[in-house]
Amino acid sequence: AIESSTRDGIDKAKALLAMADIYYQKEQYVKAQPLYNEALPIIPANYPDYQTIEKRTYLLNDIARNEQIVVLEDSLQALAKLPEAEQIAIIEKVIEAKKKADQEEQKRLEEAARQQSLRDQNSALSQAGLSLGEIADKSWYFYNPTTVSAGKSEFQRRWGARKLEDDWRRRDKNTFSFDDFSQSDETGEGDESVAATDSISAEDKEKLDKENDPHCVEYYLKQIPKTEEEIKVCNDVIQEGLYNMGVILKDKLEDFDAARGEFNELQSRFPDNIYRLDVYYNMYLMAVREGDEAQAEVYRQLIINDFADSDYGVAMKDPDYFDNLR
């Protein structure tokens, strides 16, 4: 039903949600995420369980984002171990697939524009007998459910489900400040930066352009970690992604088995990771919630033995800690 749909209407949304719910119940969150993501902008705000669908979409977006980060960094490290010729061969396949996807997306956009044009023409013909005031009122973008739905779908496709907040397009909202510009203007450093950019050679500019173009091999080669420091940064990102997924699964979805899977993978791959204390404590809390006192005691002892001076370690030395926590 999804594949044969020719318009982003409520029928397609129902099919998307039905399939997403199946994957969600099977705890296949990464497969459910794009389906919820596509359905959310199509359904109206008064759709049954809209808030639940919206919340679930945001949560699964967080899980998928961290999953994609881990997969990407693992892939880059795997590429780093291959000879450059093999790296280039793999990258060329990726580029070919991207070009094909871009072409299909362009066709989709052109078809969507054509369909919208036809709808607009039909709407104009049907309103030909109305007064000028009625036409102006009815044709405004936000009074037209069709154009609003199309706009929401296009936004969701391009950006994903985003919360309404400042700097929503920026991944790191703390790295940008207008003070940066004012300081450079006052000190004159901005002019020097512009001059340095203007003085770049044609060869360097071509190289820079290729490194920023996802249709060029150089774009991907630049991302592959080569030094020990770059590999360490890559591993740090993987650790953070695994930990984040564990916390989201535990706290937001209360899927303790899936959360343990992420935490255990983090512990097995990176035994000395910086999240060890928090992992132990989260594992302890899940065992308490499930009434597994033996497992809870295992992690309580790990915290007391390995992190005796931490706040958790000091607190858990209290024999009444379990009852106090409850």
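Refer to the preceding data block for the structure.
Residues numbered from 1 in each chain as written. Predicted model: local features only at pLDDT ≥ 70, side-chain atom pairs only at ≥ 80, totals over all residues. Heavy atoms only, no water.

A.B. asks: How would you sum up the nonpolar core? Please name residues and give values.
C.D. replies: In this structure, Tyr36, Ile43, Leu60, Leu253 and Tyr284 are the most contacted members of the largest nonpolar core, which totals 49 residues. Of all the secondary-structure elements, those providing two or more residues to this core are α1 (10-25), α2 (29-39), α3 (50-80), α11 (228-251), α12 (256-269), α13 (276-289) and α14 (293-306). If we ignore the near neighbours within four places in the chain, the residues touching tyrosine 36 are Leu17, Ala20, Asp21, Tyr24, Ile53, Arg56, Thr57 and Leu60. Among the nonpolar cores identified, the runner-up in size contains eight residues, and Leu76, Ile95, Val217 and Leu221 belong to it. (Core = buried A, V, L, I, M, F, W, Y, C linked by side-chain atoms within 4.5 Å. Buried < 20%, exposed > 50% of the residue type's maximum accessible area, 1.4 Å probe, protein only. Helix = DSSP H or I, 4+ residues; strand = E, 2+ residues; numbered from the N terminus. Contact = heavy atoms within 4.5 Å.)

A.B. asks: Let's hear about the side chain of glutamate 211: which residues, and what values?
C.D. replies: Among the structural elements, glutamate 211 can be located in helix α9 (residues 202-211). Given the relative accessible area of 18%, glutamate 211 is considered buried. Apart from residues lying up to four places away in sequence, glutamate 211 is in contact with Glu218, Tyr219 and Lys222.

A.B. asks: Tell me about unusual backbone geometry, residues and numbers included.
C.D. replies: The backbone of glutamate 27 sits at a positive phi, close to 65 degrees, despite the residue not being glycine. Position of glutamate 27 among the secondary structure elements: in the loop between α1 and α2. Using a relative accessible area of 46% as the deciding quantity, one classes glutamate 27 as partly exposed. One non-glycine residue with positive phi stands out, namely aspartate 49, at about 60 degrees. Looking at the element boundaries, aspartate 49 is found in the loop between α2 and α3.

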